[in-house]
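# Chains, contacts and geometry: an overview
Listed below, chain by chain, are the residues.
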Amino acid sequence: MSYPKYDYLYPEVKSALSRERFEHVVRTGEYAVHLAELNHYDPDKAQVAGLIHDYAKERSTAEFLAEIDKKGLDPDLKNWDISIWHGIVGAEFAHDELGIDDEEILNAMRRHTTADVDMTTLDKIVFMADFLELGRNFSDTDVARDVTDQSLDAGVAWQLEFSVTRLVRNHRAIYPKTIYAYNHWVGGK
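The present account deals with the structure reproduced in this document. This structure is a prediction, so every number in the text was calculated from the model and none was measured. (Residues numbered from 1 in each chain as written. Predicted model: local features only at pLDDT ≥ 70, side-chain atom pairs only at ≥ 80, totals over all residues. Heavy atoms only, no water.)

### A few points about the overall build of the chain
Condition: Here a helix means four or more residues in a row that DSSP labels H or I, a strand means two or more in a row labelled E, and each is numbered from the N terminus. Note on method: radius of gyration uses C-alpha positions; expected globular size equals 2.2 Å times residues raised to 0.38. Each residue is assigned to one of three classes by its accessible area relative to the maximum for its type, calculated with a 1.4 Å probe on protein chains only: buried under 20%, partly exposed between the two thresholds, exposed over 50%. The contact criterion used throughout is that any non-hydrogen atoms of two residues lie within 4.5 Å. A 1.4 Å probe and the Shrake-Rupley method give the accessible areas. Residues count as covered only by the protein chains that appear here. In this tally, Lys and Arg are treated as positive and Asp and Glu as negative; His is ignored, and so are the chain termini. For charged residues, the charge sits on one atom: NZ in Lys, CZ in Arg, CG in Asp, CD in Glu.
Looking only at helices and strands, the chain features 11 helices and 0 strands. Shown N-terminal to C-terminal, the secondary structure of the chain runs as helices and strands in the order α-α-α-α-α-α-α-α-α-α-α. For 189 residues, the compact-globule formula gives about 16 Å, and the C-alpha radius of gyration of the chain, at 16 Å, lands near that figure. Reported as C-alpha extents along the three principal axes, the dimensions of the chain are approximately 35 × 35 × 30 Å. Counting the 189 residues in the chain, one finds 49% classified as buried. Sequence separation of 24 or more characterises 64% of the internal contacts of the chain that already satisfy a separation of 6 or more. Of the accessible surface of the chain, which amounts to about 9,300 Å², a share of 48% is contributed by carbon and sulfur atoms. Taking the average location of the 21 positive side-chain charges in the chain and that of its 34 negative ones, the two points are 4 Å from each other.

### Here we look at the pattern of salt bridges
Put simply, the rule reads: For this document, the term salt bridge refers to a Lys or Arg side-chain nitrogen within 4 Å of an Asp or Glu carboxyl oxygen.
Under the defined criterion, the tally for this structure stands at 20 salt bridges. Between Asp-123 and Arg-111 there is a salt bridge; the shortest N-O distance is 2.5 Å. One end of the pair, Asp-123, is in helix H8 (residues 121-132); the other, Arg-111, is in helix H7 (residues 103-111), with 12 residues separating them in the sequence. Since its relative accessible area comes to 18%, Arg-111 is described here as buried. Among the ionic contacts, a cluster of salt bridges with common partners joins Glu-67, Lys-71, Glu-92, Asp-96, Glu-103 and Arg-110.

### Some thoughts on the packing of aromatic side chains
For clarity, the cut-off: Classification of ring pairs uses Phe, Tyr and Trp, with its six-membered ring standing for Trp, and accepts pairs whose centres are within 6.5 Å; under 30 degrees between planes counts as stacked, over 60 as edge-to-face, and the remaining range as tilted. Charge over a ring is defined by NZ of Lys or CZ of Arg lying within 6 Å of the ring centre and within 35 degrees of the ring normal.
A complete count under the given rule lists 11 aromatic pairs for this structure. For the pair Phe-131 and Phe-138, a centre-to-centre distance of 4.6 Å together with 35° between the ring planes defines the contact as tilted. Of the two residues, Phe-131 and Phe-138, neither departs from the other in class, the shared state being buried. On the basis of an interplanar angle of 15° and a centroid distance of 5.4 Å, the ring pair of Trp-158 and Phe-162 is categorised as stacked. In this pair, Trp-158 and Phe-162 both sit in helix H10 (residues 152-169), 4 residues apart, roughly one turn of the helix. Aromatic rings pair up to connect Phe-131, Phe-138, Trp-158 and Phe-162 into one cluster. For the cation-ring pair, Lys-5 lies above Tyr-3, with the distance from its terminal atom to the ring centre recorded as 5.0 Å. The ring centre of Phe-93 lies 4.2 Å from the NZ or CZ of Arg-59, which sits over that ring.

### Brief notes about the packing of helix H9 (residues 141-150) against H10
Which entries qualify depends on this criterion: Lines are fitted to the C-alpha atoms to define the axes, a helix being fitted only along its stretch in contact, and any angle between axes, read from their N-to-C directions, falls within 0 to 180 degrees. Crossing handedness is read from the near helix: turned anticlockwise from the far helix by less than a right angle, it gives a left-handed crossing, and turned clockwise, a right-handed one. Three categories are distinguished: nonpolar for Ala, Val, Leu, Ile, Met, Phe, Trp, Tyr, Cys and Pro, charged for Asp, Glu, Lys and Arg, and polar for the others, with Gly belonging to the last.
Interaxial distance between H9 and H10 falls to 5 Å at its minimum, and their mutual angle equals 145°. Handedness of the H9/H10 crossing: right-handed. Across from Val-143, Ala-144, Val-147, Thr-148 and Gln-150 in H9, the residues of H10 making contact are Leu-152, Ala-154, Gly-155 and Trp-158. Residue composition of the contact of H9 with H10, by class: 6 nonpolar, 3 polar and no charged.

Limitation: the analysis is restricted to geometry and does not speak to function.
Structure (structure tokens):
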């Protein structure tokens, strides 16, 4: 499995995103390096995964729906929206358009929107780097960063509890895989 290097991907990703979104993915890649170093993981691969995680975030609904059909993805995806699609379906765009063949990177992209019961170190790094990159400022940001610096797994649990609670408070549907992830990482089931 292979993936293009960061220097090649940087202008490709930049041209696909708004300035604000691009700055976010660059910061996510930088934070992914920080988490990779803390967790004895390849920082270059983590930075690439962080850079591409939102590559498809600004695509149209029509593009996502067409890609779901074209790739024969789970038809239930059509019942969701860009908050789910940009990771799961976005990995298909990253594969085809950016030449990302590394399944670990593609899965990290897929799982950064939903989490999962089984997450690799890279999955957890991207999931947390997206949440904690230095442009993020929410209640308890520093607490979440400290928890994650101490334990990547504890950080995943912290974010899942925070996110699921927020979704419930806002009367939003929760993607089934996220519920399973919550039960696994937070509820110990």
